[in-house]
Amino acid sequence: MKMKKILLDPVINNNPIGLQILGICSALAVTTKMETALVMSLAVTLVTAFSSFFVSLIRDYIPSSVRIIVQMTIIASLVIVADQLMRAYIFEISKSLSVYVGLIITNCIVMGRAEGYAMKNGPIDSFIDGIGNGLGYSVILMSVAFFRELLGSGSLFGVQILKLTTSGGHYEANGLMLLAPSAFFLIALIIWLIRTFKKEQIEND
Amino acid sequence: MKKDSTFSTILISFALCVICSLLVSGSVVLLKPLQEENKKLDFKKSVLKVSGIGIDGDLTKDKVDSAFKQIETRILDIEAGELLRKGEKFDLEKFDPGSIRRDPATSKSIEAALDKGNIKSRELFLRIFLVKDSPESSTINRIVLPIHGKGLWSTMFGLIAVDAKDFSIKGITFYEHGETPGLGGEIDNPIWQAKWLDKKIYDDNFQFKFSIPKASVSDSDPEAKFKVSAISGATLTSNGLRGTVEYWFGSDGLQKFLKNVKERGINL
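Note that this is a predicted model, so its numbers are computed, not measured.

### Things to note about the overall build of chain B
When you go through chain B residue by residue, the secondary structure sums to six helices and eight strands. For chain B, the α and β elements follow one another from N to C terminus as α-α-β-β-α-β-β-β-β-β-β-α-α-α. Each of the three principal axes of chain B carries a C-alpha extent, and together these read 80 × 45 × 45 Å. Across the 268 residues of chain B, 47% fall into the buried class. Contacts spanning at least 24 positions in sequence make up 54% of the contacts within chain B whose residues lie at least 6 apart. Of the roughly 14100 Å² of accessible surface on chain B, 54% is carried by carbon and sulfur atoms. Once the 40 positive and 37 negative side-chain charges of chain B are each reduced to a mean point, those two points are 2 Å apart.

Here is the structure:
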């Protein structure tokens, strides 16, 4: 079914971070905890879906001279609304996400799908494509966050799994996991893993 | 009307701007009351954080309100160095520090030479928090003082808690700032904030002696108790913070009040 393909393709076959190598920046900053990674994933998924939807809705009326700016305006407005909603309803989490919610505007995935898919396809397809790419982004983010939180803090979603030596337990927290470079390494490992099973993703030199 | 004509470009741009503006301003206005509530609760949590009052488990609104029974909120007349009597001049429930700061009737501009925190003007009346030994007691053990000053990108709003007897620093936290995450933003790092514990602001003659030097502070330094080392990579934020502390605990700030407390104690 076509919808299924649009939705599921970006999860493994055409993953925005894994294959298209887009949207890496935020993946570094918000993946120290699974909770923040989840909220970020939801925010990016919804923003991508809705911005693709609206761009697609008016695609026949956008003058080509202001095409990118129009997309930008729609994306920026949606991100601001998302940020305001977070500050009202999930204040604590929005504080830990701080500037990174605003930076969704600069996330290449959102603009990439608006320009690359929504301009040429119908609104419903674009919405599903946005959800699909958001899902692909979320899968990578949650995987990275899983390892960073588990190995860096010994917990998952705030629930302590491995007792840290600092609280009298046996697990010595891996400090590197709490720093940004660890996200780079983990993403690289994930890309390697995906391409081991999906050899068609390997770029020909 | 062709979509690429100048007329339709302007028309569509205009229409899009109007719609997006309505959407954005609508959401801001509608959500503001909820956001203000969140900010107030967050501020109270910050006060509790440096007050030394222990709370078990998650900080719910009820727990925060009940812990606040151990805190006496009072208005300080900075120029006089004296606390206003309860209910005098201001209604505590309606006291909005931001408006007091902006209103020319309740604020004054700071002489450029004295304005180390770069805030240009400051309020004349400050809402401070006196921490009692217990909800029923009338003995104060800590004073929580709000300070603010310019960092690199933003005005940093923080709370410093000082011991009510020897005025050593018992805690510092920032409830609002826009400094660079990972650099100036490290003012939020609990490990760095812990360095402030038990440091002294004034020497035995009540002269301001606290500093934030660039070099790391070694334990063998006899003056170490007056120093907290600055944050690496955050020179300008640290400079701003240094100036902020120098201003607020200096002669144009809270020094007069704290001297009065030293000499006469606090009468609730």
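### Section: unusual backbone geometry
Even without being a glycine, Phe157(A) presents a positive backbone phi close to 55°. Within the secondary structure layout, Phe157(A) lies in the loop between β1 (155-156) and β2 (159-160). According to the relative accessible area criterion, Phe157(A) is partly exposed, its value standing at 44%. We note that Asp198(B) has phi near 70°; this positive angle belongs to a residue other than glycine. Note that Asp198(B) resides in the loop between α4 (190-194) and α5 (235-248).

### What to know about the packing of aromatic side chains
In the structure shown here, the tally under the stated rule is 17 aromatic pairs over all chains. Considering the side-chain rings of Phe146(A) and Phe147(A), the 5.3 Å spacing of their centres and the 85° angle between planes classify their relative orientation as edge-to-face. Looking at Phe146(A), the relative accessible area reads 32%, which means it is partly exposed. Among the aromatic residues, those joined into a cluster by ring pairs are Phe43(B), Phe68(B), Phe129(B), Phe157(B) and Tyr175(B). Over the ring of Phe68(B) we find Lys44(B), and its NZ or CZ is 5.1 Å from the ring centre.

### What to know about the sheet that holds strand β8 (residues 169-176) of chain B
Think of a sheet as strands paired side by side through backbone hydrogen bonds, with each pair either parallel or antiparallel. Residues and elements named next belong to chain B. The antiparallel open sheet is built from six strands, whose spatial order is β2-β1-β5-β6-β7-β8. The open sheet has two edge strands with one neighbour each: β2 (82-83) and β8. The pairing of strand β7 (residues 155-163) with β8 spans six bridges and is antiparallel. When the bridges of β8 are listed, Val162 appears paired with Ile169. The strands touched by helix α6 (residues 255-264) within the sheet are β1 (71-77), β2, β5 (125-132), β6 (140-150) and β7, with β6 carrying the most contacts at an inclination of about 170°.

### Quick look at helix α1 (residues 6-51) of chain B
Residue and element names in this part refer to chain B. Its 46 residues place the ends of α1 63 Å apart at the C-alpha level, agreeing with the 68 Å of an ideal helix rising 1.5 Å per residue. Along α1, the sharpest kink reaches roughly 50°, centred on Lys32 and followed within four residues by the proline Pro33. One or two steps after α1, the chain reaches Gly52, where phi turns positive at roughly 85°.

### Let's talk about the interface of chain A and chain B
Accessible area lost on assembly of the parts is the figure often given for the size of an interface. Of the residues lining the interface, 24 residues belong to chain A; the matching set on chain B comes to 20 residues. For the pair chain A and chain B, the summed buried area comes to about 1800 Å², and 68% of that belongs to carbon and sulfur atoms. Applying the counting rule to chain A against chain B returns two salt bridges. Here Asp42(B) ties to Lys95(A) by a salt bridge, and the two come within 2.8 Å at their closest N and O atoms. When contributions to the side of chain A that touches chain B are tallied by element, the ones reaching two or more residues are α4 (67-89), α5 (91-97) and α6 (99-102) of chain A. The element contributing the most residues to the side of chain A that touches chain B is α4(A), with eleven residues. Tallied by class, the residues present in the side of chain A that touches chain B amount to 14 nonpolar, five polar and five charged.

### Some words on the nonpolar core
Judged by nonpolar contacts, the single largest core of 42 residues is most densely connected at Ile143(B), Trp196(B), Phe249(B) and Leu258(B). When contributions to this core are tallied by element, the ones reaching two or more residues are β5, β6, β7, β8, α5 and α6 of chain B. Ignoring sequence-local partners within four residues, the contact set of Ile143(B) consists of Ile128(B), Phe129(B), Leu130(B), Ile160(B), Ala161(B), Val162(B), Ala164(B), Phe257(B), Leu258(B), Val261(B) and Ile266(B). Judged by nonpolar contacts, the second largest core, of 32 residues, contains Val30(A), Val39(A), Val44(A) and Val79(A).

### Quick look at the layout of surface pockets
Using a probe with the size of a water molecule, rolled over the atoms, empty space left in the structure can be pinpointed. When its volume is computed, the second largest pocket comes out at roughly 320 Å³. As for the second largest pocket, its lining consists of 13 residues, and the residues nearest its centre are Phe54(A), Ile58(A), Ile74(A), Leu16(B) and Ile19(B). When residues of the lining of the second largest pocket are traced back to their parent elements, those giving at least two are α3 (34-57) and α4 of chain A together with α1 of chain B. Top element by residues in the lining of the second largest pocket is α1(B). It accounts for six residues.

### Some remarks on the environment of Phe226(B)
With respect to the secondary-structure elements, Phe226(B) resides in the loop between α4 and α5. Once residues within four sequence positions are removed from consideration, Phe226(B) is found in contact with Lys200(B), Tyr202(B), Asp203(B), Lys209(B), Phe210(B) and Ser211(B).

Conventions we followed
In this numbering scheme, every chain counts its residues from 1 along its sequence in written order. In the order they appear in the text, chains get letters beginning with A and ligands get numbers beginning with 1. Per-residue local features are limited, in this predicted model, to residues with pLDDT of at least 70; the limit for side-chain atom pairs, both in listing and counting, is 80 or more; totals at the level of whole chains, interfaces and linings are taken over all residues. Processing note: side-chain calculations cover all non-hydrogen atoms of the structure and skip hydrogens and water entirely. Runs of H or I in DSSP of at least four residues are treated as helices and runs of E of at least two as strands, each being numbered from the N terminus. Accessibility here uses a 1.4 Å probe with only protein chains present; expressed as a share of the type maximum, an area under 20% marks a residue as buried, one over 50% as exposed, and anything in between as partly exposed. Contacts between residues were defined by any pair of non-hydrogen atoms, one from each residue, lying within 4.5 Å. Accessible areas in this description were obtained via Shrake-Rupley with a 1.4 Å probe; residue shielding takes into account the shown protein chains only. Charge assignment: positive for Lys and Arg, negative for Asp and Glu; neither His nor the chain ends contribute. A charged residue contributes its charge at one atom only: NZ of Lys, CZ of Arg, CG of Asp or CD of Glu. Put simply, two rings from Phe, Tyr or Trp (the six-membered ring, in Trp's case) pair if the centres are within 6.5 Å, and we call them stacked under 30 degrees between planes, edge-to-face over 60, tilted for the rest. Definition used: whenever NZ (Lys) or CZ (Arg) falls within 6 Å of the ring centre and also within 35 degrees of the ring normal, the charge is taken to sit over that ring. If DSSP finds at least two bridges between two strands, the strands pair. A fitted line through C-alpha atoms serves as each axis, taken over the contacting stretch for helices, and the angle formed by two N-to-C directions is quoted from 0 to 180°. For a helix, the expected span equals 1.5 Å multiplied by the number of residues minus one. Note that the bend at a residue is defined as the angle between axes fitted to the seven residues ending at it and the seven residues starting at it. The term buried area denotes the loss of accessible surface (1.4 Å probe radius) that occurs when two parts are joined, taken as the sum for both partners. Salt bridges are defined by distance alone: a side-chain nitrogen of Lys or Arg within 4 Å of a carboxyl oxygen of Asp or Glu. Residue polarity is assigned by list, with Asp, Glu, Lys and Arg as charged and Ala, Val, Leu, Ile, Met, Phe, Trp, Tyr, Cys and Pro as nonpolar; anything else, Gly included, falls into the polar class. Think of a nonpolar core as a cluster: buried Ala, Val, Leu, Ile, Met, Phe, Trp, Tyr and Cys residues, connected wherever their side-chain atoms sit within 4.5 Å. Residues are said to line a cavity or pocket when one of their atoms sits within 4 Å of a point; the points come from a 1 Å grid over protein atoms alone, cavities being sets where a 1.4 Å probe fits but cannot get out and pockets being open sets with protein on both sides within 12 Å along at least five of seven lines. Grid points are joined across faces, edges and corners, and a volume is the space filled by probe spheres set on the points.

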